[in-house]
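Each chain, letter by letter, is given below.
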Amino acid sequence: MKLKPKITLLDHFTNLTDPRIDRTKDHKLIDILAIAICGMLCGADNWVAMEQYGNAKEEWLQQFLELPNGIPSHDTISRVFARIDPKEFEQCFRDWVKSISELIPGEIISIDGKTAKHSGSKSKGKKAIHIVNAWATEQRLVLGQTKVKNKSNEITAIPELIEVLELCGCLVTIDAMGTQTKIAKLIQDNGADYCLALKENQPNLFQEVVNLFDQAEESDWSEVEHDFHRTIEKGHGRTEIRRHWTMPVTELFFDESKWSGLQSIGLIESVRKVDGETTTNRRYYLNSFSSNAQVLAHAVRSHWGVENNVHWVLDVAFKEDDSPVHSDHAPENLSQLRKMALNLLSREKTAKVGVANKRLKAAWDNQYLAKVLGL
């Protein structure tokens, strides 16, 4: 007797275009997708492992898959994922994420890029793919991804991602690469605020902001409108003191027409003491929210989540950087598979362990895997 699943991730992929011609369709596309997703959840990081997973779990998979010709070979799985339209695949992913998420006002959306190091091939003249990801820090979900086009960079990919996301009421954080007037306007046009890192890639503006904060400090902030917030962290022999300042923007200093919605500038000074050595680092920001140092501190602190909870986990728990997949669209689609698995595992709260151990538990325990999948 087959299970009657609720509306789940797989339901959002039922209308995905099958790239195969009819005479080669020995296996249903949705079955191939399901085996790949289940395999990824259970530690199968490559096509061969997914085939082996399917063979080991065929009886369990038959509860909700048709499998008219059994488990597809790894060559079949590989060919299908190399040919699936990645933009259509991404749209299905976003539709699913939209169905399971509810972004709260002020939620931090961190946008940052990552390279899958072994997704290129020198012999085929293919460079490793670079993917820009959007991470909702409170929901702990990857909202979407966009592949950086060849001979381009994140400056062109970030707007593509922003345009397809629903960001109204959120606060978008981006590293200095994305600190561009067009990106700031696009975020504002989508009803969101921004916190953009400012570095020397905007040399004149960067120096202007540095000078403003230097002058304010020299006067001991006398008669300078500002807000201040301090945090202290201690642990593992390390002490870090972070001091946060924000200053409102006025027409005396900035042409606000260039930076849509710009309301404040920010400075974070981090003083780190480790083993008797002290290092100091200063970072500057452009903000579309009013001068509020605590909001700046929260936004910048939350932005690190995309590195710790997405990029680091993809490398350590999913071994993304060790994956030598490079045929056609396969690297991009495989990257999307990892993020489906990451979202599903992040949403599952009963197992009080990390993602790597949740994958092991899903592989060992079919009931737990069904819970993760929402069956």
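This structure is a prediction, so every number in the text was calculated from the model and none was measured. (Residues numbered from 1 in each chain as written. Predicted model: local features only at pLDDT ≥ 70, side-chain atom pairs only at ≥ 80, totals over all residues. Heavy atoms only, no water.)

K.L.:
Please clarify how the overall build of the chain should be interpreted in this entry.
P.N.:
Within the chain, the secondary structure is distributed over 12 helices and 9 strands. Taken against the 2.2 N^0.38 rule, which gives 21 Å for 375 residues, the C-alpha radius of gyration of the chain at 23 Å falls within 12% of a compact globule. C-alpha extents for the chain along the principal axes are approximately 75 × 40 × 40 Å. In the chain, buried positions account for 50% of the 375 residues. (Helix = DSSP H or I, 4+ residues; strand = E, 2+ residues; numbered from the N terminus. Rg over C-alpha atoms; globule rule 2.2 N^0.38 Å. Buried < 20%, exposed > 50% of the residue type's maximum accessible area, 1.4 Å probe, protein only.)

K.L.:
Sorry if this is basic, but what is going on with the pattern of salt bridges here?
P.N.:
It is possible for side chains of opposite charge to pair when their charged atoms get near one another. Taken as a whole and judged by the stated rule, the model has 21 salt bridges. A salt bridge links R242 to E233, with the shortest nitrogen-to-oxygen separation between them at 3.3 Å. One salt bridge in this structure joins E240 and R238, with 2.9 Å as the shortest N-O distance. Residue class for R238 comes out partly exposed when judged on its relative accessible area of 25%. One connected set of salt bridges, linked through shared partners, spans K114, K117, D315, E320, D321 and R338. (Salt bridge = Lys/Arg side-chain N within 4 Å of Asp/Glu carboxyl O.)

K.L.:
Teacher, can you tell me more about the nonpolar core here?
P.N.:
In summary, soluble globular proteins display a tendency toward joint burial of nonpolar side chains. Core analysis: the largest hydrophobic core is formed by 102 residues, its most contacted members being L61, F81 and F318. In terms of residue count, the dominant contributor to this core is helix α1 (residues 29-41) (10 residues). In contact with F318, not counting residues within four places along its chain, are M40, D45, V313, R338, A341, L342, L345, V355 and R359. Counting residues in each nonpolar core, the second largest holds 11 residues, with I108, A176, A197 and Y285 among its members. (Core = buried A, V, L, I, M, F, W, Y, C linked by side-chain atoms within 4.5 Å. Contact = heavy atoms within 4.5 Å.)

K.L.:
How do you make sense of helix α10 (residues 330-347) when you look at a structure like this?
P.N.:
Because an α-helix completes one turn every 3.6 residues, residues spaced three or four positions apart along the sequence face the same direction. Relative to the 26 Å expected for 18 residues at 1.5 Å per residue, α10 spans 26 Å between its end C-alpha atoms, a close match to the ideal helical length. Within α10, 17 of the 18 residues are buried, leaving the element largely enclosed by the surrounding structure. (Expected span 1.5 Å × (residues − 1).)

K.L.:
When you look at the packing of aromatic side chains in this model, what are you seeing that I'm missing?
P.N.:
Aromatic ring pairs are described here by two measures, namely the spacing of the ring centres and the angle between the planes. Scanning the entire structure with this criterion turns up 10 aromatic pairs. Ring pairing ties together the aromatic residues F206, F213, W221, F228, W245 and Y284, which thus form one cluster. One residue, K361, lies across the ring of Y368, its end atom 5.1 Å from the ring centre. (Phe/Tyr/Trp six-rings, centres within 6.5 Å; stacked < 30°, edge-to-face > 60°. Lys NZ or Arg CZ within 6 Å of the ring centre and 35° of its normal.)

K.L.:
How do you make sense of the pairing of strand β6 (residues 227-235) when you look at a structure like this?
P.N.:
Regular strands place side chains that alternate from one sheet face to the opposite one. The pairing of β6 with strand β7 (residues 238-248) spans 9 bridges and is antiparallel. Along β7, the bridge assignment pairs G235 with R238. What sits between the antiparallel neighbours β6 and β7 is a turn of 2 residues, in which H236 has the positive phi angle 55°. (Pairing = 2+ DSSP bridges.)

K.L.:
So what exactly am I meant to see when it comes to the environment of N133 here?
P.N.:
Its location among the elements puts N133 in strand β2 (residues 130-136). When the C-alpha atoms of N133 and K147 are compared, they prove to be 8.9 Å apart, with 14 residues separating the residues in sequence. With near-sequence residues (within four places) excluded, N133 lies in contact with S110, I111, D112, K114, G144, Q145, L161, H311 and K339. Within the local environment of N133, its side chain forms a polar contact with the side chain of H311, the two groups lying 3.3 Å apart. (Polar contact = N/O pair within 3.5 Å; in protein donor to acceptor, adjacent residues only side chain to side chain.)

K.L.:
Would you take a moment to explain a positive patch on the surface for this structure?
P.N.:
Taken together, the side chains of R140, R347, K349 and K352 define a basic patch exposed on the protein surface. With respect to the secondary-structure elements, R347 resides in helix α10. (Patch = residues over 30% accessible without salt bridge, like charges linked within 9 Å, V, L, I, M, F, W, Y side chains within 5 Å. Areas by Shrake-Rupley, 256 points an atom, 1.4 Å probe, with all protein chains shown as cover. Lys, Arg positive; Asp, Glu negative; His and termini not counted. Charge placed at Lys NZ, Arg CZ, Asp CG, Glu CD.)

K.L.:
Please explain unusual backbone geometry as it appears in this structure.
P.N.:
With the exception of glycine, most residues fall at negative phi, and the peptide bonds are largely trans. Phi angles above zero are rare outside glycine, and R140 is one such case at about 55°. Its place among the elements puts R140 in the loop between β2 and β3 (141-147). Backbone geometry places D220, a non-glycine residue, at a positive phi of 55°. Mapped onto the fold, D220 is located in the loop between α8 (203-218) and β6.

K.L.:
I would appreciate a short explanation of the confidence of the model for the chain in the present structure.
P.N.:
Reading predicted coordinates in detail is not appropriate for stretches of low pLDDT. Overall, the predicted model of the chain reaches an average pLDDT of 90, with 96% of residues at or above 70. When mean pLDDT is taken per element in the chain, strand β4 (residues 171-174) scores highest with 97 and β6 scores lowest with 90. (pLDDT = per-residue confidence, 0-100.)

K.L.:
Sorry if this is basic, but what is going on with helix α2 (residues 47-56) here?
P.N.:
Those residues of α2 not exposed but buried are W47, M50, E51, Y53 and G54. Buried positions in α2, seen along its axis, are confined to an arc of 160° and lie on one side of it. On the buried face of α2, the contacting elements are α1, α3 (58-61), α4 (74-83), α10 and α12 (366-373). Taking the backbone nitrogen of V48 as reference, a side-chain oxygen 3.2 Å away marks N46 as the first, capping residue of α2. (Arc of directions from axis to C-beta.)

K.L.:
Explain the sheet that holds strand β9 (residues 277-287) here, please?
P.N.:
Read from one edge to the other, the open sheet built from 9 strands follows the order β3-β2-β1-β4-β5-β9-β8-β7-β6, with strand pairing classed as mixed. Among the strands making up the open sheet, the edge pair consists of β3 and β6. Between one strand axis and the next, the sheet turns through 20° on average, direction left out of account. Judged from the 11 bridges that link them, strand β8 (residues 264-274) and β9 form a sheet pairing that is antiparallel. Among the inter-strand pairings, G266 is bridged to a residue of β9, identified as Y285. Sheet contacts for α8: β5 (193-198), β7, β8 and β9; angle to β9, the most-contacted strand, approximately 115°. (Axes fitted to C-alpha atoms, helices over the stretch in contact; angles between N-to-C directions.)

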